[in-house]
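# Architecture and fold: a report
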Amino acid sequence: NAGVTQTPKFRVLKTGQSMTLLCAQDMNHEYMYWYRQDPGMGLRLIHYSVGEGTTAKGEVPDGYNVSRLKKQNFLLGLESAAPSQTSVYFCASSLSDYYQYFGPGTRLLVL
Amino acid sequence: GIQVEQSPPDLILQEGANSTLRCNFSDSVNNLQWFHQNPWGQLINLFYIPSGTKQNGRLSATTVATERYSLLYISSSQTTDSGVYFCAVERTSGTYKYIFGTGTRLKVLA
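Reference entry: report on the structure contained in this document. These numbers come from a predicted model, not from an experiment.

Right, let's get into the overall build of chain B. A tally of regular secondary structure across chain B gives zero helices and 11 strands. Taken from N to C terminus, the helices and strands of chain B fall in the order β-β-β-β-β-β-β-β-β-β-β. Over its C-alpha trace chain B gives a radius of gyration of 13 Å, about what one expects of a compact globule, namely 13 Å for 110 residues. Dimensions along the principal axes, computed over C-alpha positions, put chain B at roughly 40 × 25 × 20 Å. Considering chain B as a whole, with its 110 residues, one finds that 48% of them fall into the buried category. Of the contacts formed within chain B by residues at least 6 apart in sequence, a portion of 56% connects residues at least 24 apart. Entry remark: accessible area of chain B is about 5200 Å², with carbon and sulfur atoms responsible for 48%. Averaging the locations of the 8 positively and 7 negatively charged side chains of chain B gives two centres separated by 3 Å.

What follows is the structure, given as structure tokens:
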């Protein structure tokens, strides 16, 4: 099992550009999450999904959109990137609402 | 919203020493988890512990929900224990909205 994988690992964007981060899990988990981690801080929940075709807002959803068209994939989109979105993005999945498995993270720099 | 405070913010230990990390939360919670983030950024779930005590090898955790705190004990620390330890709480069960503390940064010296 690969567990939770994230693509890409690192990306540099210019302000106003768009991009999509891909999260994939091979554990047949129902629940998937996107977090951001800023320097010296804990994780903050952006969006989450409780099953294929569902999405919901987390703590800091503004400026992001998500889709869960397939159970194993959870996509995070930035339509118009801003420097405030420079962060490390973590995806996680879980079988229920606890014991989350995390991906390795995507480091995003917005210039 | 609920506040999650961790102490100490930084901790340096000699290999073999024991330590206690604390997580205080400002309101009642339904779920609590402890995570370890290694120096390379990887996050690992250590404990799911809304109440009571659990042990896993050299690590153990205790949550006293009525007094709104949780403790993580590390015994006989090793250099591989270095990293940041986070607690995260879920205010209402089933919301999936975990609030993370700012973490305790631990460095274990050989």
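Next, the rest of the story.
On to the sheet that holds strand β1 (residues 4–7) of chain A. Strand pairing in a sheet is mediated by backbone hydrogen bonds. Such pairs are either parallel or antiparallel. Residue and element names in this part refer to chain A. Taken in spatial order, the four strands line up as β1-β3-β8-β7 in an open sheet, and their pairing is antiparallel. Only two strands of the sheet have a single neighbouring strand rather than two, namely β1 and β7 (65–67). For this sheet the average axis-to-axis angle between neighbouring strands, irrespective of direction, equals 20°.

By a frequent convention, interface size equals the accessible area lost on bringing the separate parts together. Listed per partner, the contact involves 21 residues of chain B and 22 residues of chain A. A buried area of about 1700 Å², summed over both sides, lies between chain B and chain A, and 58% of it is on carbon and sulfur atoms. Inspection of the region where chain B meets chain A yields three residue pairs in polar contact (both at pLDDT 80 or more). Elements represented by at least two residues in the side of chain B that touches chain A include exactly β4 (31–37), β5 (43–48), β9 (83–90) and β10 (98–100) of chain B. When its residues are assigned to classes, the side of chain B that touches chain A shows eight nonpolar, 11 polar and two charged.

All chains considered together, the criterion is met by five salt bridges over all chains. For the salt bridge of R44(A) with D38(A), the shortest nitrogen-to-oxygen distance reads 2.6 Å. In this structure R44(A) comes out as partly exposed when scored by relative accessible area, which is 24%. Accessibility expressed as a relative area gives 11% for D38(A), which makes it buried. Where R58(B) meets D81(B), a salt bridge forms, and the shortest distance between an N and an O atom there is 2.9 Å. Pair noted here: R58(B) is in the loop between β6 (52–56) and β7 (59–64) and D81(B) is in the loop between β8 (69–74) and β9, with a separation of 23 residues, a long-range link.

Moving on to the nonpolar core. Among the nonpolar cores identified, the biggest contains 22 residues, and W34(B), F47(B) and L72(B) are the most heavily contacted of them. The set of elements that each furnish at least two residues to this core consists of β2 (10–14), β3 (19–25), β4, β5, β7, β8, β9 and β11 (104–109) of chain B. Grouped together as the second largest cluster of nonpolar side chains are 19 residues, M32(A), W34(A), L76(A) and A81(A) included.

Scanning all chains against the criterion turns up eight aromatic pairs over all chains. Centre to centre, the rings of F102(A) and F35(B) are 5.4 Å apart; their planes meet at 85°, and the pair counts as edge-to-face. Within this pair, whereas F102(A) is found in strand β10 (residues 101–102), its partner F35(B) is found in strand β4, the two belonging to separate chains. As far as burial versus exposure is concerned, F102(A) and F35(B) are alike and both buried. Seen from the ring of Y69(B), R22(B) lies directly overhead, with NZ or CZ sitting 4.2 Å from the centre.

Cut-offs and rules
Residues numbered from 1 in each chain as written. Chains lettered and ligands numbered in written order. Predicted model: local features only at pLDDT ≥ 70, side-chain atom pairs only at ≥ 80, totals over all residues. Heavy atoms only, no water. Helix = DSSP H or I, 4+ residues; strand = E, 2+ residues; numbered from the N terminus. Rg over C-alpha atoms; globule rule 2.2 N^0.38 Å. Buried < 20%, exposed > 50% of the residue type's maximum accessible area, 1.4 Å probe, protein only. Contact = heavy atoms within 4.5 Å. Areas by Shrake-Rupley, 256 points an atom, 1.4 Å probe, with all protein chains shown as cover. Lys, Arg positive; Asp, Glu negative; His and termini not counted. Charge placed at Lys NZ, Arg CZ, Asp CG, Glu CD. Pairing = 2+ DSSP bridges. Axes fitted to C-alpha atoms, helices over the stretch in contact; angles between N-to-C directions. Buried area = accessible area lost by both parts, 1.4 Å probe. Polar contact = N/O pair within 3.5 Å; in protein donor to acceptor, adjacent residues only side chain to side chain. Nonpolar A, V, L, I, M, F, W, Y, C, P; charged D, E, K, R; others polar. Salt bridge = Lys/Arg side-chain N within 4 Å of Asp/Glu carboxyl O. Core = buried A, V, L, I, M, F, W, Y, C linked by side-chain atoms within 4.5 Å. Phe/Tyr/Trp six-rings, centres within 6.5 Å; stacked < 30°, edge-to-face > 60°. Lys NZ or Arg CZ within 6 Å of the ring centre and 35° of its normal.

Take it as geometry only, folks, not as evidence of what the structure does.
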